[in-house]
Amino acid sequence: MSARPVIVHALKPQPVEGAGTGPAEESTRLHPAMNQASAAPEKPLYVRTRAPEWLPRLLAPVIGLGLFVVLWAIIAKSGGRLPDPVSTWHSAVEVFSNPFYKKGPNDQGIGWNVLTSLGRVGIGFGLAALVGIPLGFMIGRFRFLSDMAAPVISILKPVSPLAWLPIGLMVFKAANPAAIYVIFVCSLWPMIVNTAVGVRHIPQDYLNVARVLNLSEWTVFRKILFPAVLPYMITGVRLSIGVAWLVIVAAEMLTGGVGIGFWVWDEWNNLNVQHIIIAIFTVGIVGLALEQAMILIARRFSYE
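### Some words on the overall build of the chain
Counting its regular elements, the chain contains twelve helices and zero strands. Across the chain, helices and strands are ordered from the amino to the carboxyl terminus as α-α-α-α-α-α-α-α-α-α-α-α. By residue count, 32% of the 304 residues in the chain fall in the buried class. Carbon together with sulfur atoms contributes 68% to the accessible area of the chain, which is approximately 20,900 Å² in total.

So this is what it looks like as structure tokens:
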């Protein structure tokens, strides 16, 4: 009796109902919350918003002025003779309520004193600009003139402004032109030096091209020198106007008459310290306005 062959059928595994076909499906089936978290991240509890750019610029000067007033009040309350901010404010309201009164040649409001000082500054500064800026161009353009003027400028530039006042009084025999003369001398040096430095910083290639093209000296000045030197020249003008406004207060204290410097000295003789502080703030605000005006002019005529 022969043996019959045994046939073994390979059974295909059937998927079990409810079982996943892979790790991803099993992970999805077993941890649905994790899948939702990866799809949509959770929102933070708070969102940090950035302050607008204008806010720090506004707060910084306000905080600075506030700290200054607080320090002023502390010093005034500590037993000194300095008036406190509140009483100075009330006095300032009274002074500026009628700034243009006239009760005589030497008794005028603070407005007339400021305008008189500005007039002297304008005349002296204008004369210094007419002389200093062209002189600075020539000194920077020609080496011989630069070497010739260098020792004179080095000696006279550091001289104190008030040292020129006796010479002005001796020459002009009057206080008003002497004060203008002092402003003229002290405003001269920054414009000469800065303009000459600007001319020296012009690239030599520009001047070589002008020489090759056989340009006239006026054309070189108009097309090359002036546009390149203008930023330096405006810087000199800004420094000069600051020096002029600084000098006029000291000069008017000594010469007398009408002016913000004389007004300060007159209030000191009357022992009115509150008006002196008002004059100090007035001088500072006017000087700041003059500087900002020079900055606006510099931006207006900038070639950049």
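Right, picking up where we left off after that structure.
### Overview of the pattern of salt bridges
Considering all chains together, one arrives at three salt bridges under this definition. Note that Arg143 and Asp147 form a salt bridge whose closest N and O atoms lie 3.4 Å from each other. One end of the pair is Arg143 and the other is Asp147, both in helix H6 (residues 143-156) and four residues apart, which spans about a single turn. For Arg143, a relative accessible area of 64% translates into the label exposed. Here Arg238 makes a salt bridge to Glu291, at a shortest N to O gap of 3.3 Å. Of this pair, Arg238 sits in helix H10 (residues 217-255) while Glu291 sits in helix H12 (residues 273-300), placing them 53 residues apart in sequence. The partly exposed category is assigned to Arg238, whose relative accessible area is 34%.

### Brief notes about the side chain of Ser240
Its location among the elements puts Ser240 in helix H10. Judged by its relative accessible area of 0%, Ser240 is buried. Apart from the residues lying within four places of it in its own chain, the contact partners of Ser240 are Phe125, Ser187, Pro190 and Met191.

### Focus: the side chain of Ser91
By the element assignment, Ser91 lies in helix H4 (residues 85-96). The contact partners of Ser91, leaving out residues within four places of it in the chain, are Gln274, His275 and Ile278.

### Side note on unusual backbone geometry
Note: most residues except glycine have negative phi, and most peptide bonds are trans. Of note in this structure, Lys173 is not a glycine but carries a positive phi near 60°. Within the fold, Lys173 resides in the loop between helix H7 (165-172) and helix H8 (175-200). Overall, the relative accessible area of 69% leaves Lys173 in the exposed class. A positive phi angle, near 55°, is found at Leu271, a position not held by glycine. Within the element layout of this structure, Leu271 appears in the loop between helix H11 (260-269) and H12.

### So, H11
Those residues of H11 that sit buried are Ile260, Gly261, Phe262, Trp263, Val264 and Glu267. Structurally, H11 contributes buried residues whose contacts are with H4, helix H5 (110-141), H10 and H12.

### Focus on the packing of H5 against H6
Axis separation between H5 and H6 bottoms out at 6 Å; the angle between their running directions is 120°. Between H5 and H6, the crossing angle belongs to the class labelled oblique. Across from Met138, Ile139 and Arg141 in H5, the residues of H6 making contact are Arg143, Leu145, Ser146, Ala149 and Ile153. When the residues that make up the contact of H5 with H6 are grouped by side-chain class, the tally is five nonpolar, one polar and two charged.

### Quick word on the environment of Ile123
When you line up the elements, Ile123 lands in helix H5. Ile123 sits in the partly exposed class, given a relative accessible area of 47%. Separated by 57 residues in sequence, Ile123 and Ile180 place their C-alpha atoms 6.8 Å apart.

### A few points about the packing of aromatic side chains
All chains considered together, the criterion is met by eight aromatic pairs. Taking the centre distance of 6.3 Å and the plane angle of 75° together, the rings of Phe68 and Phe281 count as edge-to-face. Of this pair, Phe68 sits in helix H3 (residues 54-77) while Phe281 sits in helix H12, and the two are 213 residues apart along the sequence. The class of Phe68 is partly exposed, set by a relative accessible area of 44%.

### Details of a nonpolar patch on the surface
A surface patch of nonpolar side chains, amounting to about 620 Å² of accessible area, comprises Ile123, Leu127, Leu130, Val131, Leu135, Met138 and Phe142. With respect to the element layout, Met138 can be found in helix H5.

### Digging into the packing of H8 against H10
For the pair H8 and H10, the least separation of the axes is 7 Å and the interaxial angle reads 155°. On the basis of the axis angle, H8 is roughly antiparallel to H10. For the element pair H8 and H10, the recorded crossing hand is right-handed. Looking at the contact of H8 with H10 residue by residue, the classes come out as 20 nonpolar, eight polar and no charged.

The rules behind each value
- Residues numbered from 1 in each chain as written.
- Predicted model: local features only at pLDDT ≥ 70, side-chain atom pairs only at ≥ 80, totals over all residues.
- Heavy atoms only, no water.
- Helix = DSSP H or I, 4+ residues; strand = E, 2+ residues; numbered from the N terminus.
- Buried < 20%, exposed > 50% of the residue type's maximum accessible area, 1.4 Å probe, protein only.
- Areas by Shrake-Rupley, 256 points an atom, 1.4 Å probe, with all protein chains shown as cover.
- Salt bridge = Lys/Arg side-chain N within 4 Å of Asp/Glu carboxyl O.
- Contact = heavy atoms within 4.5 Å.
- Axes fitted to C-alpha atoms, helices over the stretch in contact; angles between N-to-C directions.
- Parallel < 35°, antiparallel > 145°, perpendicular 65-115°, else oblique.
- Nonpolar A, V, L, I, M, F, W, Y, C, P; charged D, E, K, R; others polar.
- Phe/Tyr/Trp six-rings, centres within 6.5 Å; stacked < 30°, edge-to-face > 60°.
- Patch = residues over 30% accessible without salt bridge, like charges linked within 9 Å, V, L, I, M, F, W, Y side chains within 5 Å.
- Left-handed = near helix turned anticlockwise from the far one by under 90°.

Remember that the coordinates give geometry; whether it matters functionally is a separate question.
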